[in-house]
Every structure is written in C-alpha cells, then in structure tokens.
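# Fold and geometry: a report
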Amino acid sequence: MTVTVLQLPDRDLTDVPRALRALADGIERGEYGDAHNVAWVVDCGSTRMACGLMGAAPEPGATAHLLFAIAQRKLEQGT
C-alpha cells in the first residue's frame, strides 16, 4: 500500500493583500480566462463599505451592477 501526501494550497483568507496578490497571479496565469472585469467590495470597518470595478467595461456602472447581482445569485444558490 502506498500513501501519497498532497500539499494543500494556502487558504489563509485573513491576509487580504496576499489574497489579492494570489488572485492577480491567477489572472496573469490565465486561470480566469480573459478576465475582462473584476468587481470588488471592501468592508472598511466602522460601517463603511467601498466598491468598484476594474477592467474594460464600456458601461462600468451597469457592468458592476450586473456582476454583483450574478455573484449574489451564485452565493445564494450555493448555501
């Protein structure tokens, strides 16, 4: 009988800058296809929230809204 030890990927989500760098690295490696846009939300603390969109959206407001709505549905269906 053989045993294979697998190294699990680092999943420390408490380090936000490191997680963002890992996301950027994944985008550069092509793990997200062409990655046309990225919508983001930051919980800044003290009831303050920030959100935005990065990418080549011709209509950034509408694109950000659509991406956030799609993400909300995916989260709801996964729970």
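Each value, and the rule that gives it
Residues numbered from 1 in each chain as written. Predicted model: local features only at pLDDT ≥ 70, side-chain atom pairs only at ≥ 80, totals over all residues. Heavy atoms only, no water. 1 Å grid on protein atoms, 1.4 Å probe; cavity = no way out; pocket = protein on both sides within 12 Å on 5 of 7 lines; lining within 4 Å. Points joined across faces, edges and corners; volume = space filled by probe spheres on them. Helix = DSSP H or I, 4+ residues; strand = E, 2+ residues; numbered from the N terminus. Nonpolar A, V, L, I, M, F, W, Y, C, P; charged D, E, K, R; others polar. Disulfide = S-S within 2.5 Å. Buried < 20%, exposed > 50% of the residue type's maximum accessible area, 1.4 Å probe, protein only.

### Some words on the layout of surface pockets
Taken as a whole, the second largest pocket holds about 320 Å³ of empty space. As for the second largest pocket, its lining consists of 14 residues, and the residues nearest its centre are Val38, Ala39, Trp40, Phe68 and Ala71. Of all elements in the fold, only helix 1 (16-28), strand 1 (37-45) and helix 2 (60-78) reach the threshold of two or more residues within the lining of the second largest pocket. Tallied by class, residues from the lining of the second largest pocket come to 11 nonpolar, three polar and no charged.

### Here's the deal with the state of the cysteines
Inspection of the entire model under this criterion finds zero disulfides. Counting only cysteine sulfurs, cysteine 51 is the nearest neighbor of cysteine 44, a cysteine outside any disulfide, at a range of 9.9 Å. Since its relative accessible area comes to 56%, cysteine 51 is described here as exposed.

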